[in-house]
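Survey of secondary and tertiary structure
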Amino acid sequence: MVEKVLCDRLVQSLWQMGEVVRSEHGCVSRSTSLNRGKSGRRGLRIGVKSDVLGFTDTEGCIVNKPVQPKSAQLTADKVSAALSDADAVVERHASKSLASSALSRTSGLRTRSMRAMHLSNVERELAELKKVVAALAVRSVVHEEMAFDLDHYGVTVLDAGTAHQLLDTPPEPTEALQKLLALR
Amino acid sequence: MDFITVDFNKSIDRSAFDCEIHPALNTYIAQHAGQDEKRNVSRTFMYIEKGILLGYYALANASVAVDELNEDQKRRMPGYPMPAVLLSRLAIDKSRQGVGLGQRLMSDFFRRVYTVSKQSGVAFVVVDAKDQRAASYYQAKLGFVASTNNPRRLILSTATLIKGFRALA
């Protein structure tokens, strides 16, 4: 829900950006574009720079499916901090976006009047939305990482050498274990 | 074999049970153990005195996967995950802590594994240590080894257990 609202808001801003660029420079090309992959998963192709998860591209980064996230290198503290920061950014902007969505539903003229926004305002809003998208990307990657850890946690894995030894040449019970087994 | 525990009994008051150290273990026996029993997810065994629950443990089946088999090991060992019995929870009420009841429950658990191993294949006994102190006890005293992916998930060969019980006979 939050992601949908934010994406709608981003789309709206990009359209406004396009209107402003067209009106101020007399061209119709856009500096940003939206992609939808074969799987139907929404992918936002925008110029986002984020060093939180090791993204290095500043152009053309698929934000919600980052290339080779180096999450394995993150410590638990870093992951928690990144998630906390991302959550704060997302929550703040989600509240704002939901509020403005409600306004746009009540006032039909608002969307039209926003087209007249100055380029700098649109750019500022777009910059904010880029931060939100980056935060969403961080949150989604961290959540995926957590899910992976849980999956991994459910499986007990044993070193092959140790397993071989335990199966074929099992150790004698320790003295403490032998005493324990005798307890009633 | 004789056991000191009885099968899970929902008519026993479980809300008063308090192990003091890990609240999750109190919540489990009070709220979730019955559901797990009903769904056949795990079996809980209770230690009861005068109608009062003083301790319990829960066990379930599990499997142990082996990583990176070399060519020799591939010939000698099964390539699929091996069966195990998991001691998922063990807790003692605060009124009976420090008098050896935990060890008696562990012994009871091992006897159950030994019994199961006569009817169905059990290659390993797996325990989840609640904290580092418990993990150290299992490893240093009872001979468990740590799994590769989780230092608190500990493994003992069932063959070692069988040797121990045969020595008692």
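Residues numbered from 1 in each chain as written. Chains lettered and ligands numbered in written order. Predicted model: local features only at pLDDT ≥ 70, side-chain atom pairs only at ≥ 80, totals over all residues.

As recorded in an unreviewed UniProt entry, chain B goes by the name GCN5 family acetyltransferase, listed as coming from Pseudomonas gorinensis.

1. Let's talk about the overall build of chain B
Our working definition: A run of H or I in DSSP becomes a helix once it reaches four residues, and a run of E becomes a strand once it reaches two; helices and strands are each numbered from the N terminus. A residue is called partly exposed when the number of other C-beta atoms within 10 Å of its own lies between 12 and 20, exposed at 12 or fewer, and buried at 20 or more, with C-beta atoms placed from the backbone. Contacts here follow a simple rule: the backbone-placed C-beta atoms of the two residues must lie within 7 Å.
Scanning chain B for helices and strands turns up five helices and seven strands. Starting at the N terminus, the α and β elements of chain B follow one another as β-α-β-β-α-β-α-β-α-β-β-α. Within chain B, the proportion of its 169 residues that are buried is 37%. Long-range contacts, defined as pairs at least 24 residues apart, comprise 63% of the intrachain contacts of chain B with a sequence gap of at least 6.

2. So, the overall build of chain A
On a plain count of helices and strands, chain A comes out with six helices and four strands. Helices (α) and strands (β) of chain A occur, in sequence order from the N terminus, as α-β-β-β-α-α-α-β-α-α. Here chain A, with 184 residues, has 22% of them falling under the buried criterion. For chain A, the proportion of contacts with a sequence separation of at least 24, taken over those separated by at least 6, is 66%.

3. Considerations on unusual backbone geometry
Most peptide bonds are trans, and most residues other than glycine sit at a negative phi. All names here are of chain B. Despite not being glycine, E20 has its phi angle at roughly 70°, a positive value. Its identity as a non-glycine residue notwithstanding, N40 has a phi of 60°, on the positive side. In this fold, N40 is placed in the loop between helix 1 (23-38) and strand 2 (43-49).

4. Brief notes about helix 3 (residues 101-119) of chain B
For clarity, the cut-off: The span you would expect from a helix comes to 1.5 Å times its residue count less one.
The end-to-end C-alpha separation of helix 3 of chain B is 28 Å, in line with the 27 Å expected for 19 residues at 1.5 Å each. Turning to helix 3 of chain B, its buried residues number three or more, namely L105, M106, S107, D108, F109, F110, R111 and V113 of chain B. Tucked inside the fold, the buried residues of helix 3 of chain B contact helix 6 (175-182) of chain A together with strand 2, strand 3 (52-67), strand 4 (82-92), strand 5 (124-128) and helix 5 (158-168) of chain B.

5. Concerning the interface of chain A and chain B
Stated precisely, the cut-off is as follows: Under the scheme applied here, ten amino acids are nonpolar (Ala, Val, Leu, Ile, Met, Phe, Trp, Tyr, Cys and Pro), four are charged (Asp, Glu, Lys and Arg), and all others, including Gly, are polar. Being paired, for any two strands, means DSSP has found at least two bridges between them.
With 26 residues of chain A in contact, the opposing surface of chain B contributes 39 residues. Taken together, the elements giving at least two residues each to the side of chain A that touches chain B come down to helix 4 (119-153), strand 4 (156-159), helix 5 (160-168) and helix 6 of chain A. Partitioned by chemical class, the residues of the side of chain A that touches chain B number 17 nonpolar, six polar and three charged. Relative to strand 3 of chain B, strand 4 of chain A runs parallel, the two sharing four bridges. Each residue of the ladder has a partner; that of D159 of chain A, found in strand 3 of chain B, is D67 of chain B.

6. Here we look at the pairing of strand 7 (residues 153-157) of chain B
All names here are of chain B. Judged by how many residues are buried, strand 7 sits mostly within the fold: five of five residues are covered. One ladder, built from two bridges, connects strand 6 (residues 145-146) with strand 7; its direction is antiparallel. Following the sheet pairing, A146 is matched in strand 7 by L154. In this antiparallel pair of consecutive strands, strand 6 and strand 7, the connection spans six residues.

7. Structural notes on the nonpolar core
The line we're drawing: The nonpolar core criterion groups buried Ala, Val, Leu, Ile, Met, Phe, Trp, Tyr and Cys residues into a set whenever they are joined through C-beta atoms within 7 Å.
In this structure, Y56, Y57, A84, F124, V125 and V126 of chain B are the most contacted members of the largest nonpolar core, which totals 49 residues. The set of elements that each furnish at least two residues to this core consists of helix 5 of chain A together with helix 1, strand 2, strand 3, strand 4, helix 3, strand 5 and strand 7 of chain B. Residues within four places of A84 of chain B in sequence aside, it is in contact with T156 of chain A together with A62, S63, V64, V122, A123, F124, V125 and V126 of chain B. Counting residues in hydrophobic clusters, the runner-up holds 10 residues, among them A86, V133, A135 and A137 of chain A.

8. Describing the environment of N40 of chain B
On the neighbour-count criterion, N40 of chain B (8 C-beta atoms within 10 Å) is exposed. A sequence separation of 20 residues divides N40 of chain B from A60 of chain B, and the C-alpha atoms of the two residues are 9.0 Å apart.

9. Some words on the environment of L158 of chain A
Mapped onto the elements, L158 of chain A comes out in strand 4. Judged by the 27 C-beta atoms lying within 10 Å of it, L158 of chain A is buried. Once residues lying within four places of it in the same chain are set aside, the contact partners of L158 of chain A are A163 of chain A together with V64, V66, S147, T148 and I155 of chain B.

10. Let's talk about the packing of helix 3 of chain B against helix 5 of chain B
Residue and element names in this part refer to chain B. Threshold: Every axis corresponds to a line fitted to the C-alpha atoms, with the helix fit spanning only the stretch in contact, and the corresponding angles, defined between N-to-C directions, vary from 0 to 180 degrees. Any angle that is under 35 degrees is reported as roughly parallel, and any over 145 degrees as roughly antiparallel; angles of 65 to 115 degrees are reported as roughly perpendicular and all others as oblique.
Interaxial distance between helix 3 and helix 5 falls to 10 Å at its minimum, and their mutual angle equals 105°. With respect to each other, helix 3 and helix 5 are oriented roughly perpendicular. From helix 3, F110, V113, Y114 and S117 reach across to helix 5, where they touch T158, L161, I162 and F165. Tallied by class, the residues present in the contact of helix 3 with helix 5 amount to six nonpolar, two polar and no charged.

11. Examining the confidence of the model for chain A
Residue and element names in this part refer to chain A. Our working rule: Confidence of the prediction at every residue is given by pLDDT, a number between 0 and 100.
When the pLDDT values of chain A are averaged, the result is 62; 33% of them are 70 or greater. Ranking the elements of chain A by mean pLDDT puts strand 3 (residues 61-62) last with 34 and helix 6 first with 94. Scored below 50 in pLDDT, residues 20-74 makes 66 contacts in the model with residues more than four places away or belonging to other chains. Within the model, the stretch residues 147-153 combines pLDDT values under 50 with two contacts to residues more than four positions away or in other chains.

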